[in-house]
Amino acid sequence: MTDTPPLADGYEISTDPRRIDAERVHRWLSTDAYWAMGRAREKQDRAIEGSLNFGVYEMVSGDQVAYARVITDRATFAWLCDVYVDPSVRGKGIGTALVGAVREHLGPYGMKRMLLATQDAHGVYQKLGFAPLERPDQWMALYF
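The following paragraphs examine the structure supplied in this document. (Residues numbered from 1 in each chain as written. Predicted model: local features only at pLDDT ≥ 70, side-chain atom pairs only at ≥ 80, totals over all residues. Heavy atoms only, no water.)

A word on the sheet that holds strand 1 (residues 11–14)
Strand order in the open sheet made by the five strands is 1-2-3-4-5, with mixed pairing throughout. Strand pairing shows two members of the sheet lacking a second neighbour, strand 1 and strand 5 (113–115), which therefore form its edges. Taking the axes of each pair of neighbouring strands and ignoring which way they run, one obtains an average angle of 20° across the sheet. Relative to strand 3 (residues 64–72), strand 2 (residues 52–58) runs antiparallel, the two sharing six bridges. By the bridge assignment for strand 3, V56 is matched with A66. (Pairing = 2+ DSSP bridges. Helix = DSSP H or I, 4+ residues; strand = E, 2+ residues; numbered from the N terminus. Axes fitted to C-alpha atoms, helices over the stretch in contact; angles between N-to-C directions.)

Shown next as structure tokens:
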């Protein structure tokens, strides 16, 4: 496993669900994330409620600047999704540090794998140990 990248000075990561700025997360995802464009606020709130959430916050203001959520049973499987970094703080390694913190948080559970899907950020995730599926022919999806 690769080392967890450090978080830029002045920021902190929290899994406290009370700190999630649900309005901001909804705005980010529903207006600027190709995978969630147009997602309804009620649906986003349900997703937050049913997930393990990670936020990155400016330490001085307390403002949330990044988000990721994990769907997991905390035993055998995890799905990393909705990873988003506010455009104003991109380029500071915040997204890489956030995903590294997710990996570190889930490590002690002894899961066999954590999956994710990305259209354009393969390089970011590869730095943290993610790799293409070894046997994609064994995976299937049910589309609604």
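Structural notes on the packing of aromatic side chains
Counted according to the given criterion, the structure contains three aromatic pairs. Here W28 and Y84 contribute two aromatic rings whose centre-to-centre distance is 5.2 Å and whose plane-to-plane angle is 25°, an arrangement assigned as stacked. Taken together, the residues W28 in helix 1 (residues 22–32) and Y84 in strand 4 (residues 77–85) connect sequence positions 56 residues apart. Side by side, W28 and Y84 carry an identical accessibility label, which is buried. Arranged with centres 5.7 Å apart and planes meeting at 80°, the rings of Y125 and F130 form a pair that is edge-to-face. Neither Y125 nor F130 differs from the other in exposure class; each is buried. The ring of Y57 has R19 lying over it, and the distance from NZ or CZ to the ring centre is 4.0 Å. Over the ring of Y84 we find R90, and its NZ or CZ is 5.1 Å from the ring centre. (Phe/Tyr/Trp six-rings, centres within 6.5 Å; stacked < 30°, edge-to-face > 60°. Buried < 20%, exposed > 50% of the residue type's maximum accessible area, 1.4 Å probe, protein only. Lys NZ or Arg CZ within 6 Å of the ring centre and 35° of its normal.)

Things to note about helix 2 (residues 41–49)
Residues Q44, A47 and I48 constitute the buried set of helix 2. For helix 2, the buried positions fall inside an angular range of 100° around the axis, keeping them on one side. (Arc of directions from axis to C-beta.)

Observations regarding helix 1
Those residues of helix 1 not exposed but buried are R24, V25, H26, W28, L29 and S30. Buried-residue contacts for helix 1 involve helix 2, strand 3 and strand 4. (Contact = heavy atoms within 4.5 Å.)

So, the pairing of strand 4
Counting buried positions along strand 4 yields seven of nine residues, so the element is predominantly enclosed. Two elements, strand 3 and strand 4, share six bridges in a ladder whose sense is antiparallel. By the bridge assignment, V70 is partnered in strand 4 with L80. Connecting the antiparallel pair strand 3 and strand 4 is a turn made up of four residues, with R74 showing a positive phi of about 60°. Alignment of strand 4 against strand 5, held across three bridges, turns out to be parallel. When the bridges of strand 5 are listed, W79 appears paired with L115. Handedness of the crossover is the feature at issue here: the chain leaves strand 4, passes through helix 3 (residues 94–106), returns alongside strand 5, and the resulting connection is right-handed. (Right-handed = clockwise from strand over helix to strand, strands pointing away.)

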